[in-house]
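Commentary on secondary and tertiary structure
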Amino acid sequence: MRKDKQTYRVAALAAPLAMALMMAAPAKAADAMDTYWKAAPTTTAWVNPYGECWQGVDGENLEPCGAFTPRAPLVMRLLFNLDRYQLNEIRNPEELRKVDDLIAEFQSTPREEVVTIVGHTDKLGSWEHNVVLSENRAATIKRYMMDKGYPERAIRSVKGVAWEGGDDVAADGAVIDLGPLENNPLRRRVVVTELGPDQLKN
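Residues numbered from 1 in each chain as written. Predicted model: local features only at pLDDT ≥ 70, side-chain atom pairs only at ≥ 80, totals over all residues. Heavy atoms only, no water.

Remarks on the nonpolar core
In terms of nonpolar packing, the biggest core is built from 21 residues, with Met76, Leu78, Ile117, Ile141, Met145, Tyr150 and Val192 touching the most fellow members. Secondary-structure elements contributing two or more residues to this core are β1 (74-76), α3 (97-107), β2 (115-120), α4 (127-147) and β6 (189-194). Once residues lying within four places of it in the same chain are set aside, the contact partners of Ile117 are Ala138, Ile141, Lys142, Met145, Ile155, Ser157, Val158, Lys159, Val190, Val191 and Val192. (Core = buried A, V, L, I, M, F, W, Y, C linked by side-chain atoms within 4.5 Å. Buried < 20%, exposed > 50% of the residue type's maximum accessible area, 1.4 Å probe, protein only. Helix = DSSP H or I, 4+ residues; strand = E, 2+ residues; numbered from the N terminus. Contact = heavy atoms within 4.5 Å.)

As for the pairing of β2
Walk down a regular strand and you will see the side chains alternate between the two sheet faces. For β2, the tally of buried residues reaches 6 of 6 residues, placing the bulk of the element in the interior. Alternating residues of β2 divide into Val115, Ile117 and Gly119 and Thr116, Val118 and His120, and every residue in both groups is buried. By the bridge criterion, 6 bridges tie β2 to strand β3 (residues 155-161) in an arrangement that is parallel. Looking at β3, one finds that Gly119 is bridged to Gly160. Taken together, β2, α4 and β3 form a β-α-β motif whose crossover is right-handed. (Pairing = 2+ DSSP bridges. Right-handed = clockwise from strand over helix to strand, strands pointing away.)

Brief notes about the sheet that holds β2
Judged by pairing direction, the sheet is mixed, and its 4 strands sit side by side in the order β1-β6-β2-β3 without closing on themselves. The sheet terminates laterally at β1 and β3, the two strands that pair on one side only. Across the sheet, the axes of successive neighbouring strands diverge by a mean angle of 15°, strand direction being ignored. As paired strands, β2 and β6 are joined by 6 bridges and run antiparallel to one another. The partner of Val118 across the bridge, within β6, is Val191. Across the sheet, α4 touches β1, β2, β3 and β6, and the angle it forms with β3 is around 150°. (Axes fitted to C-alpha atoms, helices over the stretch in contact; angles between N-to-C directions.)

The analysis is restricted to geometry; functional conclusions fall outside its scope.
In structure tokens:
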């Protein structure tokens, strides 16, 4: 009990001193924060998850504003067993290392990358069946990413498209020709795409 009373006395004496320091600190703290933001390295840290610029305490825009270029879409040629979509039904699980590397890269940056996940099929089977199958495969990759620590809030959408989904598009807008629609393994894929600032605002 004696020890507790001594602790209370010390705390009672320290409180006025701490209050005085806090009253004197705001101006210096604001100056320090402004200096910090202006002196920070010119990287994408200037941009929040919505592609907007951070501002100094005086309201000025920081330069460079840091509009970032999304990474090229990650295309995984996952060989699921016929008409299957579970993780343990992938015949080339080493392909998942690509998404492991992508997550590690995302986690090393100061901003939170937002992505979409889209499953694709070729023209083997009915359109209706393939849409559901490709969405289930995309959902499997979503669960895999979340199990690896990727936040669910950073996955904007998960969907599936059948063979009419078209070719892949690179980050620079170039079309990647995948060849014929029918019975083509290149079209059986799951694509993880990072969204850019304009897409995040929609």
